[in-house]
Amino acid sequence: MDLIAIASDHGGFSLKVDIVSFLKELGYEVNDMGPKNQNSVDYPDYGIRIAQAVTQNTDSRGIVICGTGIGMSIVVNRFPGIRGTLCSDLYTAKLCRGHNDSNILIMGGRVVGHGLAREIVKVWLSTPFDGGRHQKRLDKINQFDKSNKI
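### Describing the layout of surface pockets
Reasoning step 1: The calculated volume of the second largest pocket comes to roughly 150 Å³.
Reasoning step 2: Forming the walls of the second largest pocket are V54, T55, T58, P80, G81, I82, R83 and N103.
Reasoning step 3: The residue makeup of the lining of the second largest pocket, split by class, is 3 nonpolar, 4 polar and 1 charged.

### Some remarks on the nonpolar core
Reasoning step 1: I19, L23, I63, L105, M107 and V121 are the most contacted members of the largest nonpolar core, which has 23 residues in total.
Reasoning step 2: With 6 residues, the top contributor of residues to this core is helix α5 (residues 114-126).
Reasoning step 3: Not counting chain neighbours up to four residues away, the residues in contact with I63 comprise I4, A5, I6, A7, I19, L23, I50, L105, M107, V121 and W124.
Reasoning step 4: By size, the runner-up hydrophobic cluster in this structure holds 14 residues, among which are A5, A51, V64 and I82.

### Side note on the pairing of strand β1 (residues 3-8)
A regular strand places its side chains so that they alternate between the two faces of the sheet.
Reasoning step 1: Counting buried positions along β1 gives 5 out of 6 residues, so the element sits mostly inside the fold.
Reasoning step 2: Here 4 bridges tie β1 to strand β2 (residues 29-32), and the two strands are oriented parallel to one another. Bridging from a neighbouring strand, A5 pairs with N31 of β2.
Reasoning step 3: Read as a crossover between parallel neighbours, the route from β1 over helix α1 (residues 13-25) to β2 is right-handed.
Reasoning step 4: The sheet contact formed by β1 and strand β3 (residues 61-66) spans 5 bridges and is parallel. Across the sheet, residue A7 finds its bridge partner in β3, namely V64.

### Section: α5
Side chains three or four residues apart in an α-helix point the same way, a direct result of the helix having 3.6 residues per turn.
Reasoning step 1: Across its 13 residues, α5 extends 18 Å between first and last C-alpha, which sits within 8% of the 18 Å expected from 1.5 Å per residue.
Reasoning step 2: For α5, every residue scored as buried is listed here: A117, I120, V121, V123, W124 and L125.
Reasoning step 3: On the buried face of α5, the contacting elements are β1, α1, β3, β4 (84-86), α4 (90-98) and β5 (104-108).

### Re the pattern of salt bridges
Reasoning step 1: Under the defined criterion, the tally for this structure stands at 6 salt bridges.
Reasoning step 2: Of the charged contacts, one joins D101 and R83 as a salt bridge, the two residues approaching to 3.4 Å between their closest N and O atoms. Pair noted here: D101 is in the loop between α4 and β5 and R83 is in the loop between α3 (70-76) and β4, with a separation of 18 residues, a long-range link.
Reasoning step 3: One salt bridge connects D101 with R97, and the closest N-O pair in it is separated by 2.8 Å.
Reasoning step 4: Of the residues examined, R97 reaches a relative accessible area of 5% and is grouped as buried.
Reasoning step 5: Through salt bridges with shared partners, a single network forms among D18, E25 and R118.

About the cut-offs
Residues numbered from 1 in each chain as written. Predicted model: local features only at pLDDT ≥ 70, side-chain atom pairs only at ≥ 80, totals over all residues. Heavy atoms only, no water. 1 Å grid on protein atoms, 1.4 Å probe; cavity = no way out; pocket = protein on both sides within 12 Å on 5 of 7 lines; lining within 4 Å. Points joined across faces, edges and corners; volume = space filled by probe spheres on them. Nonpolar A, V, L, I, M, F, W, Y, C, P; charged D, E, K, R; others polar. Core = buried A, V, L, I, M, F, W, Y, C linked by side-chain atoms within 4.5 Å. Buried < 20%, exposed > 50% of the residue type's maximum accessible area, 1.4 Å probe, protein only. Helix = DSSP H or I, 4+ residues; strand = E, 2+ residues; numbered from the N terminus. Contact = heavy atoms within 4.5 Å. Pairing = 2+ DSSP bridges. Right-handed = clockwise from strand over helix to strand, strands pointing away. Expected span 1.5 Å × (residues − 1). Salt bridge = Lys/Arg side-chain N within 4 Å of Asp/Glu carboxyl O.

Okay, here's the thing in structure tokens:
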């Protein structure tokens, strides 16, 4: 997996720009889904774009950033098959991949500094899903998603 979709709102724009640069340094292809500047925008528009992109390509991952990360968390996790995880520390970044097979990383641009955010991204991208007992739990979530489609 070499393609990472990323988006933000105005509150996460500065961090998004830095993370796009960092991802490219790491050799990833980046699909920057907006916005293109710091003008005020509605975070749901951008969270929806990323969730749809990851839903359509189940092997892909996405990153979304808003002011706190909470708004984006609410939006992306409304989509079946999305496991968006709000991270502001390395431990959470590691376990959300290992235990929950997170496919969208969520951060708060007004909460996490650029240096820590880069480390969170690196850990999140490099940590594999552990499977085993954790797969059984994801299977239950996936079954719920299938039986509760709107």
